[in-house]
Amino acid sequence: MRLIPSLIAITALTGCTVGPDFRRPAAPSAQSYQPATERQPAAAGQPAALLGPGPGNGWWRAFGSAELDALVDRAIAHNYSLAASNATLAASREEWRAVAGRRLPQVDANARVEQEQVNLAAFGFAASPALGLDGNPEFHLYSVGGGISYDLDLFGGIRRQVEESAARAEARQRQTEAAHLTLAGQVVNQALTIAAIRARIATAQTILADDQRNLDLTRKRQQGGEGTLVEVLNAQSQYTADRGTLPPLEQQLGEARHLLATLVGVAPADLGPTDFALERFVLPSSVPVALPSELVHRRPDILQAEADLHAATAAIGVATARLYPDISIGATLTQGSPGVDHLFRNAFRGYDAFAGLTAPIFHGGSLKAERAAAVDRAHAVNATYQQTVLSAFEQVANLLSALQTDARSLDMQRDAVTVAGRSLQLSRRSFEVGNSGILQVLDSERLYQRASADLVDARARQYLNVARLYVATAGGWTQASS
């Protein structure tokens, strides 16, 4: 019994850990996401991209909306998908603790009460009442005891299992961080989408009011003998067609609100008012963007892929350790007595100490095949990691390009609305004085309608791409949950 602690200490000093050690992938050497030919200075109205450490937590506050801030906070506190991710993370951490516990000695206790009957005749003894021997005597047997066992883990199989489990727990942690990041981005995206749809509805209602004005004017001209029924029908047709654009927009608005309610973790009826308007959002003057070397160390999906690679590397060590012998040591101590009053006397004590060796001799090549499979899986996970990094860089590069094109597109759409508005105004004046027909007014109105709708889309796209850039550079997830 006294040798067991010494054996454990010796094993701790002499044991080895087989399999490759994990090395974190090197950070990329690139200092920017776009080639020099694509990089342009920030134009007027374009948020500047500031390469550096990247955005911090609470990036959505850059849009200057207290209502939006409250919605994101509600979603992080009450979203059920996020709650499931948090629970999965907690479970993975407990699983890691369960595996880590196998590195320590395993101690168990036991107690037992038995009632036995012995058939003496079966062993060649005859019943002898004079000697107190019945044919089938009955008696009770009480026993208590315990045991300790310890796997010496000579080749580090258990240590690699602990390492693999810890890496998988880290992957779940990164997955939870990604869920925080994604949820914040989805809430901001829905709020901006609602604001954009409301702007489109307002534009459609303005155009509908103009259509009604045209219809009233053509009717008055017809009644005065200056117009024709064809002009009235053309104006009425335009009014009817434009009125048909409102129900789909209202449906889109309802669906956007319903999705926002789901993200916040409430029923649509309990969401409350969502009177978002693009005019009430602030477009950030600059967006902090993480350098490529920083992005790989802060973006959750990349860190999750890195943790998966760590787990796959440790799994090679687990499979390798199975190729080598395994030694376990332990001891048991038992007190057994036919009476409770004698249970703890030395005379009824027994113990044993043991050491066991298990060595693989022939398994049909399965153990080597399992190790080869672990190596192949690690290669696959490494390729997945590299692809995740490249996809992240591509996403950031696309959004940086969008910052530049969105500002130019917005300027062009403003010019288009101005020109279309002047054309519509002149067409109406010409129609009112009888120099042109209603079709010219309707054509000008359609151009103005299209330009106005495109302007709303351009404004919304600029806000949405800024929000997506914040998400792409890993802002907004809660480090406190790590």
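Described below are features of the structure shown in this document. Everything numeric here is computed off the predicted structure, so don't read it as measured data. (Residues numbered from 1 in each chain as written. Predicted model: local features only at pLDDT ≥ 70, side-chain atom pairs only at ≥ 80, totals over all residues. Heavy atoms only, no water.)

With respect to the overall build of the protein
Next, step 1: Secondary structure assignment for the protein yields ten helices and six strands.
Next, step 2: Taken over C-alpha atoms, the radius of gyration comes to 38 Å for the protein, far larger than the 23 Å a tight globule of 482 residues would show.
Next, step 3: Counting only C-alpha atoms, the protein reaches 140 × 60 × 45 Å along its principal axes.
Next, step 4: Looking at the protein as a whole, 39% of its 482 residues are labelled buried.
Next, step 5: A fraction of 84% describes how many contacts in the protein between residues 6 or more apart in sequence connect residues 24 or more apart.
Next, step 6: In the protein, 43 positive and 47 negative side-chain charges are present, and the distance between their average locations comes to 5 Å. (Helix = DSSP H or I, 4+ residues; strand = E, 2+ residues; numbered from the N terminus. Rg over C-alpha atoms; globule rule 2.2 N^0.38 Å. Buried < 20%, exposed > 50% of the residue type's maximum accessible area, 1.4 Å probe, protein only. Contact = heavy atoms within 4.5 Å. Lys, Arg positive; Asp, Glu negative; His and termini not counted. Charge placed at Lys NZ, Arg CZ, Asp CG, Glu CD.)

Some thoughts on the packing of helix H8 (residues 300-321) against helix H9 (residues 366-432)
Next, step 1: For the pair H8 and H9, interaxial distance at closest approach is 9 Å and the crossing angle is 170°. Between H8 and H9, the interaxial angle falls into the category roughly antiparallel. Between H8 and H9, the residues in contact are Asp301, Ile302, Ala305, Glu306, Asp308, Leu309, Ala312, Ala315, Ile316, Ala319 and Thr320 and Glu370, Arg371, Ala374, Val375, Ala378, Val381, Asn382, Tyr385, Thr388, Val389 and Ala392, respectively.
Next, step 2: The residue inventory of the contact of H8 with H9, partitioned by class, reads 14 nonpolar, three polar and five charged. (Axes fitted to C-alpha atoms, helices over the stretch in contact; angles between N-to-C directions. Parallel < 35°, antiparallel > 145°, perpendicular 65-115°, else oblique. Nonpolar A, V, L, I, M, F, W, Y, C, P; charged D, E, K, R; others polar.)

Concerning helix H5 (residues 229-243)
Next, step 1: With 15 residues, H5 ought to run about 21 Å at 1.5 Å a step, and its terminal C-alpha atoms sit 21 Å apart, in line with that.
Next, step 2: Among the residues of H5, those classed as buried are Glu231, Val232, Ala235, Gln238, Tyr239 and Asp242. Take H5 and look down its axis: the buried residues cluster within an arc of 130°, on one side only.
Next, step 3: Along its buried surface, H5 packs onto helix H4 (157-223), helix H6 (246-264), H9 and helix H10 (438-472). (Expected span 1.5 Å × (residues − 1). Arc of directions from axis to C-beta.)

Considerations on the pairing of strand E5 (residues 326-337)
Next, step 1: For strand E3 (residues 138-151) and E5, the ladder comprises ten bridges, and the chain directions are antiparallel. Directly across from Tyr150, in E5, lies its bridge partner Ile329.
Next, step 2: As paired elements, E5 and strand E6 (residues 349-358) share ten bridges and run antiparallel to each other. Looking across to E6, one finds that Gln335 is bridged to Arg349. (Pairing = 2+ DSSP bridges.)

Examining the pattern of salt bridges
When charged atoms on two side chains of opposite charge get close, those side chains can pair.
Next, step 1: The tally for this structure, following the rule as stated, stands at 19 salt bridges.
Next, step 2: The shortest N-O distance in the salt bridge between Arg112 and Glu114 comes to 2.7 Å. (Salt bridge = Lys/Arg side-chain N within 4 Å of Asp/Glu carboxyl O.)

Structural notes on the nonpolar core
Next, step 1: The biggest cluster of nonpolar side chains holds 61 residues, and the ones touching the most others in it are Phe63, Val188 and Phe281.
Next, step 2: For this core, the leading source of residues is H4, giving 14 residues.
Next, step 3: Beyond its immediate stretch of four places on either side in the chain, Phe63 contacts Leu68, Val188, Arg280, Phe281, Val282, Pro284, Tyr463, Val466 and Ala467.
Next, step 4: Residues Val232, Phe431, Val441 and Leu442 belong to the second largest nonpolar core, which totals eight residues. (Core = buried A, V, L, I, M, F, W, Y, C linked by side-chain atoms within 4.5 Å.)

A few points about the side chain of Ser337
Next, step 1: Take Ser337: it is sitting in strand E5.
Next, step 2: Accessibility expressed as a relative area gives 0% for Ser337, which makes it buried.
Next, step 3: Once residues within four sequence positions are removed from consideration, Ser337 is found in contact with His140, Leu141, Tyr142, His342, Leu343 and Phe348.

Remarks on the packing of H9 against H10
What describes two packed helices is the angle between their axes and the distance between those same axes.
Next, step 1: Between H9 and H10, the least distance of the axes is 7 Å, while the angle of their chain directions is 160°. One finds that H9 runs roughly antiparallel with respect to H10. Of the two elements, H9 crosses H10, and the hand of that crossing is left-handed.
Next, step 2: Here the residues of the contact of H9 with H10 sort into 22 nonpolar, eleven polar and eight charged. (Left-handed = near helix turned anticlockwise from the far one by under 90°.)

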